[in-house]
Structure formats: C-alpha cells, structure tokens
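Architecture and fold: a report
Here are the chains, one letter per residue:
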Amino acid sequence: MKKIHIVGIVMIATAIFLLTTAIKDTTTYATFADAVESGSRVKIAGQLSKDKEMVYQPEVNPDLFTFFIKDKDGVERKVVLQAARPQDFEMSEQIVVTGEMKGDEFWASDMLLKCPSKYKDEEIYIRSEKES
Amino acid sequence: MDSIQYIGEHLWPGRIGHAAIMLGFVGAMLASIAYYFGTQKADTPDEGSWKRLGRAAFGLHGVSIFTVIGIIFYLMINKYYEYQYVQGHVSDDLPFRYVFAAFWEGQEGSFLLWMFWHVVLGFVLMRVGKKWEAPTMSVLALIQVLLNSMLLGIYIGFGDDPLKIGSNPTLLLREVMDAPIFSNADYLSLISGTGLNASLQNYWMTIHPPTLFLGFASTAIPFCYAVAGLWKGEHTAWLKPALPWALFSGAILGTGILMGSAWAYEALTFGGYWAWDPVENTSLVPWLILVAGVHTNLVAKSTNHSIRTTYIFYLLSFLLVLYSTFLTRSGILGETSVHAFTEMGLEWQLVVFQATFILIPLILMIRRYKSIPSPEKEEPTPSREFWMFIGSLVLLFSGLLITGSTSLPVFNKIVQYFDPIYEGRVITDPVEHFNKYQLWIAVFIGLLSGASQFLRYKGVNWASHKRKFLIHIAISLVGAAVLTFLTTLWVSTKNIPYLVLLFSGIFTVVANLDYLVSFLKGNLKLGGSTLSHIGFGLMIVGIIASGLNKRHISSNPFAMEGMIEGAEDDIAQKNIMLFKGNTMVMSGYEVTYVKDIVENRTRTYTVNYKRRGADGKVKEEFDLTPDILYDKNFTKVEVYNPSTKHYFGRDIFTSIRALPQIEIDAEFRKNREDSLNFKRYALPLKETYTFTDTIPIRDRDTFSLRTFTLQVDELVRSASHPDYTPEEGDVSLGARMRIRMSGDDSVYTAMPVMVLRGQLLYTYPVQIHEISSKVRLHQDVLNLVLTPEEELEYTEFKLRQGERFSLGDINFQFGGFNTKPTHPSYTAEEGDLAVGAMINIQLPSGEVTQAQPIYLIRENRPFNIKDELNVYGLHFRLTNIDPKEEKVSLMVAYKEPPRQNIPIEMATDSFRYDFLVLEAIEFPGINFFWLGSLLMMIGLGLSMWYRIKTMKASA
C-alpha cells in the first residue's frame, strides 16, 4: 500500500466522520410545537402577524424587539428577538427565526427576513404617480 | 396592438443589438468548430486554414459581444425606457457613474460581462497559445456558445409552454409585458425607470463585479488547457503554459473575492467581512481548488507526479465556477443567501451548461486515463512534492466540505423530488458550522506551507540536507512559539484550537521569512510562493485578532447588572441608544450624538468618540459619520451606511441599527401626529400661564402629574423655522415662547410658526424632546395680524410733504418719500417705479412709531402695497401721487386692535424621537487580514510574472 493511499483513506474516514457529526449542525424548519418538544435551538419559518403588537423600545432595551409570528401550522407565538428592530420589518413576506422556546415565548438570537425583491418590480413606474 | 404607431420609440438599437447577439452566437459556434478541425487536422496542410477561420470567427464573435454591450450602454445612458433592461435598471435620477453598476446588476448584463472577459482572454490566448491555440480556443469558443445562448431569447415549440432559450436583453418593455398602458401610443411619456437598487449604488458595485468576473472567466483558461492536454494526449506539454494562467486566475479571483469582503465590511451593516454566505462560499471554493491545482502543477512540472490531480483540479475549478453560477442564478438558494439573483426561468439551461462541461472532460478523462504518466515509484516522504500534494488534497478536502454544506438546498431539492413530504434541512448556525471544520484545515495548511518550503523536490540528498532541514524547522518552531506567546498578550485566542491555529499561522510566517532570507537570499523574484504563504499566515493572525476579538464598544453597562428587562447574561448587548446632544460612556469611550444633517436624500449623523487618559485629558478623539438614504419621497429609508475609523492596529466600526419610527416612516409619522393629544391654551402676551397635565409614562399604564408654565414673549412677523422655506407673498407668524415643566429645572425656548400661503395654512410645530412635548400655533392666531379689508373704514387724506394730520386722537405726519422702499410683501423688479410714503405716528399714549405704504407702477399699471400696524389697529394705503400738486393720496383706517390672547396648542404626550440606536464594534488587527490576503494575491501575481519571464527566456 502506498502512503498516498493511507492519506486517502484517512481523509475519507475523516470526511465520513465529519459528515455524520455535521448532521447535528442542521435542522429542519420547525414549528412552535417542535420547538417545545425538542427543547433545543431550531429555525422557525413563519409569517408576521401584522395585527399583533410589535414592541421596540430602545430607551428600555435597544437589543430587544418583540412581535408575533404564525408558523406553518398556523400557531401564533410571541417572538423575543435579542437585537434591534430591522428596517423594512413589516414589509417581510417571510421570517426565519433561530432560537428556542422559553415558556410561551420563542427567544430568537437571529432572524432572516425575506422581503419582496428589490431587484424586480412587476409594476411599471408611472411618472405621474412617482412625482405625486 | 400591432396597429398602434408608438411615439418616440428608438427601435434601431434593439435591432442591431439582437442581430449582434445572434451573430455572436453563430460566430462562437463557427469558431469552436473551426478550431476543432484545426486541432484534429494538426500537422496537415489544412491546419492553417482552419485556424485562420477559427480566428476570424472568434473575432466576429468578439466584435458582436462588444457591440451588444455598447448598444446596451447606449440605451442606458440615453434612458430609453422602451427597453425592458433599461427600464428595470436605470432611472432618471441615477447618476452617470452608476451606469456600469446598473449594467451588470441584472443577470443578462452579468452574463455579458463574463463573456466580455472570455473574449478578451481569448484574444490574448490566440496570440500566445501557439500550438495550444486551436484546442484551447475550441473549448473556450464552446463555453461562449453556451453563455451566448443565455441571451438568445428564442422560443422553441408550440402551445402554452414553449421552451425558452435565453433571455434577450434588447427586448422592448411592451414585448415582455402585457399592460393596459401599451394601448396608449404615447406610453413612453408616461413611464420611467425603476432604477438601481439603492444598496447597490456605491463604487464597490462598480469595481467588484468586473474583477470577480475576470476571476471567474480566467478559471476557464486552465480548464481549456486541461481539456486540450487530454484531447491531444500530450499530458506534460500543457503544464508549463497553463501555469501562468492559473496563477493569474488565482490572483484575480482572489482579489475579486476580497473586494466583496471589503464591500461587506465597509458599506454593509452586518459588521464583518465574511459570513459563510452560500455565494461567498461558492466563489471561494473554485479559488481553493485552483490554488491546489497550481501546487500540483508545480509538482507535475518538476517531477511528473500529480499530473492526473492537476488535470482534475483545473477541470474542477471551472466546473465549480459553473456550479456557483447555477446556485446563485437558479433561485435554489432561496432564503439562505442575501446575494441570490432573481430567477430568469433558465434553470434547465444552466444545468445543460454544467452537464456539457462535466461530460466532455469526463469522457476524455476516461479514455486517456491510462495514458497519463504516473511514475511507478512513489514520492519520497521527505520530498517537497509529497507534502505539496498532501497540502493540495487538504485544500480539495476543504473545498468539498464547503461545497457539501452549501449544497444542502440542492440536496433537499433532489430528495424532495423523490419524496415530496421530505422537509429539507438547513444549517442552524452557518458561521459556527464552517469555522469548526475549516479551522483544522487552516492549521494543516499553515504548518505545511511553512515546513515544506525547506524540503527539496524528489528529496535529493536528503541524508545531507536533513540536518539543515531540522535546524530551520526548529528555528521556525521556536520563533513561532515566542511570537505566538507575544500575540496572546495582545489578543485572546479563547480556546486551544484557536491557539493552535494562531501558532500555525505564525509558524508559516516565520518559516517563510527564514526561507526567504536563508535559502533565497532575499531574492523576491523567486519568492512569490513565500510572499503568498506569509500572506496566508498574516491573514490567519488577522482573522483571530479581528474575528475572535471583535468587541462591542456599544455594550450597555446596565445589561450586565440585570437592570434591563429581558437582558440575558449569555447574550451580549450589542446596541446602545443615544439621545442627541447627550454623551454616553461605553467601554472607555465617551460617545456623543452631535448632530444630523439632511442633504438631498442623505441624512448624515455625526457621532463623536472621545477617550480620556488617567489625567482626564482627551487622548483620542474622532467623529464617525454613518448615514441613511431616504427613498425619493422621503417616506422610507432605503440604505443604512456604516462609518469606520481606521487605525493601524484596529478599526472602530459604527453603524446605525435603528432610528425612531417617526424619522424613517412617513405614514407612521402622520398617524403619530394625528394621535397626539393637543390641548388649546390662550396665552396673554408677555404673561406667564400655568396649567397641569397628566403625563403618560410610556407603556406602563401609569400617569404622573406635571405643571407646565408657558409664556409668549413676542409675536414675530416673517418668522423662521428649520422646516420652513419662505416664499414671496407668505404671511408668516411665529410666537417666541418659554416653557418650563415641574421637575425639570431648565427653561426651554421654542418658536412655533404659522404660515399663510395663498389660501393655504401651514403649521410648523416645535418638538421639545426633553419634556416630551410639542407646541404649535392655532390658526386663530392669524386674526391677530390679519384684519379683513371689508371691515375697515378708510379716510382719505391729500397731503404735502411734512404736512400733519390726525385721525381720532392719533396724530400723523407725512414725513416724505422713500424712493427705495422695503416692505415684507414687496420684492423689487426691473422696471419698477416704487415710492414709499414715510408716515410718522404719535399715539395717544405718547408712543411713537412709523409706517410706510408703497405706491408702485409695474408695467404701466399702478399698484398700492398696504402697510399695517396691527398692534395699534392702524392700516395705510398710498393710492395716488399727484406730481403737479406735489400731493399724495393717503388712505388711513383705524380699527380697535383685537384684545385676543395668543392661541397655543400643546401636546404633552409627544415622546422624544431625537435618538439613534448605535452599534459600535472594535476590530483589532483587522489590517493583518487585509495585508495578509493582499500579500497572497501579490505573491501569486509575482509568481505569474516570473513564470512568464522564464518561459520567454527558454523559448
């Protein structure tokens, strides 16, 4: 057996080992029910409940923003985001939060917003409207 | 709709552009075929003519591509919105300097940019390719055929769902969309462009894409050489000419990626230079594989080992560029990436593109595999080639791991195809995930790129060289250990793996410096690789210093003490709120939000940082100016731009994380204004007025009682207000007032203003942030200054200069003429004949004042401009001047002045909105990262120059 084969085998073994451990780094898009059940960090994709209150009071805590989202089962929960309120928040079509359940609230450390793309605009800008 | 004759359309550029796209496609195809025969018929009399045909065809292709690009620029510069690509990417207010950015913002434009570079590289390859010209150009032209097909815009098949081949950027808007507006022949006068996304309007968008695409395009050349080598079965001859191309590609692609990092760091608000975003990953991986290929190429040239791996690396590098294109342009990444383009509906074409260039080399490889030389005898363990090969495998390994994780969405899609209920997995915390694995790869690379420099190819004279090798390794190890220790005094490595990484990075710096001095005798010409390796080591140091030790200056000290609601110990507080004019002490800095200035659509905030020494003297002071860009109508904020103070050893990055909703959302502002609880008070002039109000404490459902004391000191005509721009004919009135609130020792001054412009009333309130109050004038205030003419009874006097007269118990004197009169509602114009009558007035109280009505002849028509002294109830008009009699006609009216108090409205529930939420991060040693990565690229460039030089010398 050549040395290079040994190196190759070691690498392949490492790769398999890493891939099996890397599974733990991944998650599916969970629901609030899953989050309660697993008790660990999950990602939840949902829609913003625009009728519920969104509270951001920087003078109290600039790193705390709360709002409500509905997960794909339609369950609505309060989300506590430990960050500033992002711009264009209420424009988002979909919200992905990463975090875990604490009681009835979902504590998120991270949030991704999917906004209607700025790149494409289906509408034509009509001059008169634009200038009004 | 065909019958409509549209007005103002420019149709010829589109026709030329479309013809050029077709011609380019045909040219590339012809070039590929001609060069194919040029290769197959090599060393026959036909070879020359095939090659000439190939050159001509590729030249035609190149000219066509340049024409398409030129046409699109022409359309964009002239803002011909009838073209959909123009309408979608530029707008009237787009500055000229962003036309380039707008050009490659779209998919079609970026394909053209990519093709542009292939054409340029192809022209160079034609000149320097020699015997490799025909096969490499045949492959390059085939790549162009597939790229060009992305722009064809042809529909094949019938029915509702014809197959679309490419998206033609020269189509008219009315050809791609069906809207009622196109039934109007003059629709062009109604439409305007959507413009370039505001966050892309910066110079990075001008320089980063062309560099990156030159990088992507240049990976095609080593690919072409590899295919050519397999095709011709000459497995060693191509290695030498391919090497400088690969080095060039490594330097440019690397620079392109770095520019992306710098853009993210300088202009985006996420506070970092690398986020393991799928798009970043898929451009990094081809670079890693290419660099691996450069190493095995060197090995193969010197020892004939690793020829197969060199083939594989160069082929893979370009294929991964295609894969990256597929990922970012197919929409498959979805929400996992911020970079992804929008879908163009050409996914299948991208797959065909990818498949074509996997199949061609794969078939060739299978057919030729056995014939590729591979020495029976293995590389000796103490040889440079053995460890370079190992290092290349590690790079490949790194690339495959990154690609594997990044391809998770692709994997999900495939599984879902077979199992529709499969949910699909995502990486929970990408940064952590990637760092964890890549850390050890970087450790290996660091150690290998240091130690293997001291080894020799083929391990010649190992027995005698061994001693020297060990001595230098020992020197480097000891040097690195000492330096690592010193570095840990400056920056923390947090845990053992990072300490090991730091050591490995410093080791490669020390070892390569030693090699440069002891072996190369400082000859930098030969030292491309040492420079690159030193760069790599410095970059590692920079990453540990800036990434691991980045520190939020803006951490709120109260959060740590549990005084803030919701603050958790494990979540570091990142943001801080600053009131305008107030100073906050954070992490040793006194930070003050000084001011904000609006200019055009940009609002620039000035934030002052100060640090004092133990003696209280200011040791360090600087201003940072983050800004925000409003949209056209000032209703929303489009972009937040950070600002960074650069020092040699560290950076201080500042970004606005949030602003009061009132400042960034016009609709919210209006609703908030409407919901304020304004109460009306009637204030006697120059007397204090006191009232008590309940003050809501925000969101606590409690109220407190506060007593307010108001006093109007003066009513001011022609008043000024920060938001008010005076216009001719305005009647403006301001009340200069003082306000106090119990529980607050300060006296606040304010001047709310009311303006009458024509028939419209405008009110300019004043917000007093410190006491959460807003004051404005009630419109009745105008009664104090405006008396309706019909209520006045004028008495006419005919007067000589100096003559005295009286009305009731008020005495007047006509003091004389003023030929240059001034009056608030009179602006002199050319040709005016204006005379003012100076009237001296003595009131019964003994008070003395003056009035000056004006008589004006403008364009042969007489006018008189009234003067009024409302406080005294006096009104004057100068109605005629009789030059013969030397008399004037003066109309005077007296009406009891209104005894009304000044109507003021005040809301005490207007919470302050003069704040910003700031994130300030210190990045220590970030310059090591930039310097290191730059050195890597310079090293690659230097090596390329050296290889070209030696190649020319040996030719």
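We now examine the overall build of chain B. Across its full length, chain B carries 23 helices and 35 strands. The globule rule puts the C-alpha radius of gyration for 955 residues at 30 Å, and the 39 Å found for chain B is more than 25% above it. With respect to the three principal axes, the spread of C-alpha positions in chain B is 125 × 80 × 60 Å. In chain B, which comprises 955 residues, the share counted as buried stands at 55%. Long-range pairs, those at least 24 residues apart, make up 68% of the contacts in chain B with a sequence separation of at least 6. Measuring between centres, the 82 positive side-chain charges of chain B sit 13 Å from its 90 negative side-chain charges.

Next up on the list: the pairing of strand S32 (residues 874-882) of chain B. Residues and elements named next belong to chain B. As judged from the three bridges shared by strand S31 (residues 867-869) and S32, these two strands associate in the antiparallel manner. Considered in S32, the bridge of Glu868 is made with His875. The turn joining S31 and S32, which pair antiparallel and follow one another in sequence, is formed by four residues; a positive phi near 75 degrees is taken by Gly873. Of the pairings in the sheet, the one linking S32 to strand S33 (residues 887-894) comprises eight bridges and is antiparallel in character. In the sheet register, Phe876 faces S33, and the bridge partner there is Val892. Connecting S32 to the antiparallel partner S33 that follows it, the hairpin turn spans four residues, and Glu886 within it adopts a positive phi of roughly 55 degrees.

Quick look at the packing of aromatic side chains now. Residues and elements named next belong to chain B. Counted by the stated rule, this structure contains 63 aromatic pairs over all chains. On the basis of an interplanar angle of 50 degrees and a centroid distance of 5.8 Å, the ring pair of Tyr593 and Tyr605 is categorised as tilted. Residue Tyr593 is found in strand S8 (residues 589-599), and its partner Tyr605 is found in strand S9 (residues 602-612); the two are separated by twelve residues along the sequence. For the pair Tyr593 and Tyr605, one class covers both residues: buried. Between Tyr681 and Phe691, the ring centres sit 4.0 Å apart and the planes meet at 20 degrees, which makes this aromatic pair stacked. One end of the pair, Tyr681, is in strand S15 (residues 678-683); the other, Phe691, is in strand S16 (residues 688-697), and ten residues separate them in sequence. An aromatic cluster of at least three residues, connected via ring pairs, comprises Tyr265, Tyr273, Phe653, Phe923, Phe929 and Trp930. Between the NZ or CZ atom of Arg308 and the centre of the ring of Tyr369, over which it lies, the distance is 4.0 Å. The ring centre of Tyr762 lies 5.3 Å from the NZ or CZ of Arg757, which sits over that ring.

Moving on to the interface of chain A and chain B. Listed by partner, the interface residues are 55 residues for chain A and 68 residues for chain B. Across the chain A-chain B interface, the total number found is two salt bridges. Asp25(A) is paired through a salt bridge with Lys436(B); the nearest N and O atoms lie 2.9 Å apart. One can count 15 residue pairs in polar contact (both at pLDDT 80 or more) joining chain A with chain B. Those elements that provide at least two residues to the side of chain A that touches chain B are helix H1 (3-22), strand S1 (26-30), strand S6 (94-102), strand S7 (105-114), strand S8 (125-126) and helix H3 (127-131) of chain A.

Glancing now at the side chain of Gln438(B). Residues and elements named next belong to chain B. Its location among the elements puts Gln438 in helix H16 (residues 430-451). Looking at Gln438, the relative accessible area reads 11%, which means it is buried. Once residues within four sequence positions are removed from consideration, Gln438 is found in contact with Trp276, Ser398, Leu401 and Ile402.

All names here are of chain B. Here we have four strands laid out as an open sheet, ordered S15-S34-S23-S22, and antiparallel in their pairing. Every interior strand has two partners, whereas the edge strands, S15 and strand S22 (766-768), have only one. Across the sheet, the mean angle from the axis of one strand to that of its neighbour is 25 degrees, orientation sign disregarded.

Residues and elements named next belong to chain B. When you tally the buried positions in strand S18 (residues 731-741), you get eight out of eleven residues, the bulk of the element. Bridge count between S18 and strand S20 (residues 753-757): four bridges; the pairing is antiparallel. Bridge pairing in S20 links Gly734 to Val753. One ladder, built from four bridges, connects S18 with strand S19 (residues 747-750); its direction is antiparallel. When the bridges of S19 are listed, Arg740 appears paired with Val747. The hairpin formed by S18 and S19 contains five residues between the paired strands, and Gly743 there has a positive phi angle of roughly 90 degrees.

This part takes up the packing of helix H19 (residues 528-548) of chain B against helix H23 (residues 926-954) of chain B. Packed helices, taken two at a time, are described by the angle between their axes plus the distance between the axes. Residues and elements named next belong to chain B. Running from amino to carboxyl end, H19 crosses H23 at an angle of 165 degrees, the nearest separation of the two axes being 7 Å. The angle between H19 and H23 falls in the class roughly antiparallel. As H19 runs across H23, the sense of the crossing is left-handed. Grouping the amino acids of the contact of H19 with H23 by side-chain chemistry returns 16 nonpolar, ten polar and no charged.

Let's shift gears to the nonpolar core. Residues and elements named next belong to chain B. If you look at the biggest cluster of nonpolar residues, it comprises 194 residues, and the most contacted ones within it are Ile143, Trp287 and Phe357. Ranked by the residues each element gives to this core, the list is headed by helix H10 (residues 239-267), at 16 residues. The two domains that each donate at least three residues to this core are domain 1 (1-196) and domain 2 (557-646 + 650-664 + 916-924). Residues contacting Trp287, with those up to four places away along its chain left out, are Gly250, Leu253, Gly254, Ile257, Met936, Met937 and Leu940. Among the nonpolar cores identified, the runner-up in size contains 29 residues, and Leu683, Met737, Met754 and Leu784 belong to it.

All names here are of chain B. Scanning the model with the defined rule gives 32 salt bridges over all chains in all. We note a salt bridge from Arg650 to Glu922, for which the minimum N-O separation is 2.8 Å. Pair noted here: Arg650 is in strand S14 (residues 650-658) and Glu922 is in strand S35 (residues 915-924), with a separation of 272 residues, a long-range link. By the burial criterion, Arg650 is buried, and Glu922 matches it.

A word on the domain arrangement of chain B. Residue and element names in this part refer to chain B. Domain annotation for chain B reports domain 1 (1-196), domain 2 (557-646 + 650-664 + 916-924), domain 3 (666-784 + 903-907) and domain 4 (789-902). Its C-alpha centre places domain 3 at a distance of 34 Å from the equivalent point of domain 4. Residue-level contacts link 17 residues of domain 3 with seven residues of domain 4. For the pair domain 3 and domain 4, the two sides together bury roughly 970 Å², of which 53% comes from carbon and sulfur. It is Arg717, Glu728 and Leu784 in domain 3 that bury the most area against domain 4; as a group they hold 47% of the surface buried on that side. Between the two partners, domain 3 and domain 4, sit zero salt bridges. The interface formed by domain 3 and domain 4 contains two residue pairs in polar contact (both at pLDDT 80 or more). Of all the secondary structure elements, the ones that give two or more residues to the side of domain 3 that touches domain 4 are S15, strand S17 (702-717) and strand S34 (902-907). Of the residues assigned to the side of domain 3 that touches domain 4, the class counts are twelve nonpolar, two polar and three charged.

How each quantity is defined
Residues numbered from 1 in each chain as written. Chains lettered and ligands numbered in written order. Predicted model: local features only at pLDDT ≥ 70, side-chain atom pairs only at ≥ 80, totals over all residues. Heavy atoms only, no water. Helix = DSSP H or I, 4+ residues; strand = E, 2+ residues; numbered from the N terminus. Rg over C-alpha atoms; globule rule 2.2 N^0.38 Å. Buried < 20%, exposed > 50% of the residue type's maximum accessible area, 1.4 Å probe, protein only. Contact = heavy atoms within 4.5 Å. Lys, Arg positive; Asp, Glu negative; His and termini not counted. Charge placed at Lys NZ, Arg CZ, Asp CG, Glu CD. Pairing = 2+ DSSP bridges. Phe/Tyr/Trp six-rings, centres within 6.5 Å; stacked < 30°, edge-to-face > 60°. Lys NZ or Arg CZ within 6 Å of the ring centre and 35° of its normal. Salt bridge = Lys/Arg side-chain N within 4 Å of Asp/Glu carboxyl O. Polar contact = N/O pair within 3.5 Å; in protein donor to acceptor, adjacent residues only side chain to side chain. Axes fitted to C-alpha atoms, helices over the stretch in contact; angles between N-to-C directions. Parallel < 35°, antiparallel > 145°, perpendicular 65-115°, else oblique. Left-handed = near helix turned anticlockwise from the far one by under 90°. Nonpolar A, V, L, I, M, F, W, Y, C, P; charged D, E, K, R; others polar. Core = buried A, V, L, I, M, F, W, Y, C linked by side-chain atoms within 4.5 Å. Domains from an automatic or database assignment. Buried area = accessible area lost by both parts, 1.4 Å probe.

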